[in-house]
Amino acid sequence: MRSFILGGLLAMAVGCGGPMEQESEPNLASQEAPLPDCSNEPNANLHRYYNDAAHTQLIGEFGCYCGGLYYWGGRSSFSEYIQEC
C-alpha cells in the first residue's frame with residue numbers, strides 16, 4: 001500500500017510540469033526609434049517648437065544642428081524647420 005501511494009505521488013509530480021513555453025520575441029515595431037547620430041552631419045535637420053502661431057516662446061527642439069543633437073522640451077503644431085547652420 002505504501003509503495004502504491006508513493007508511486008501515485010511520483011506520477012502526479014512528473015505529470016504536472018508540462019512543456020515549457022518559450023518567451024516571445026519583443027515587438028520592435030512598437031518601440032521608438034533611437035536618437036540620431038549628428039556627429040557627421042554638417043548641415044541642420046532641426047525642428048523648433050513654439051507655444052503659438054506667432055512663435056512667441058520656444059518650448060522645445062528636436063534634431064541635428066551643425067553636428068550636435070538637440071532634444072529637449074515639448075512639441076506642438078507650431079514649428080519651424082531649419083536645414084542650414
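Only a predicted model underlies this, so the values are computations on that prediction, with no experimental measurement involved.

## Quick word on the overall build of the protein
Then, in step 1: Looking only at helices and strands, the protein has one helix and four strands in total.
Then, in step 2: Starting at the N terminus and walking to the C terminus, you meet the elements of the protein as α-β-β-β-β.
Then, in step 3: Across the 85 residues of the protein, 12% fall into the buried class.
Then, in step 4: A total accessible area of about 7,200 Å² is found for the protein, and carbon and sulfur atoms account for 55% of it.

## Quick look at the state of the cysteines
Then, in step 1: Under the definition given, this model contains two disulfides.
Then, in step 2: Note on cysteine connectivity: Cys38 is disulfide-linked to Cys64, with sulfurs 1.9 Å apart. Note on the Cys38 and Cys64 pair: the S-S dihedral is about -70°, so by sign convention the disulfide is left-handed. Note that Cys38 is positioned in the loop between α1 (2–15) and β1 (45–50) and Cys64 in strand β2 (residues 58–65), a separation of 26 residues in sequence.

## Considering a nonpolar patch on the surface
Then, in step 1: Taken together, the side chains of Leu35, Leu69 and Tyr71 present a nonpolar region at the surface, about 300 Å² in accessible area.
Then, in step 2: Mapped onto the elements, Leu35 comes out in the loop between α1 and β1.

Criteria and cut-off values
- Residues numbered from 1 in each chain as written.
- Predicted model: local features only at pLDDT ≥ 70, side-chain atom pairs only at ≥ 80, totals over all residues.
- Heavy atoms only, no water.
- Helix = DSSP H or I, 4+ residues; strand = E, 2+ residues; numbered from the N terminus.
- Buried < 20%, exposed > 50% of the residue type's maximum accessible area, 1.4 Å probe, protein only.
- Areas by Shrake-Rupley, 256 points an atom, 1.4 Å probe, with all protein chains shown as cover.
- Disulfide = S-S within 2.5 Å.
- Patch = residues over 30% accessible without salt bridge, like charges linked within 9 Å, V, L, I, M, F, W, Y side chains within 5 Å.
- Salt bridge = Lys/Arg side-chain N within 4 Å of Asp/Glu carboxyl O.

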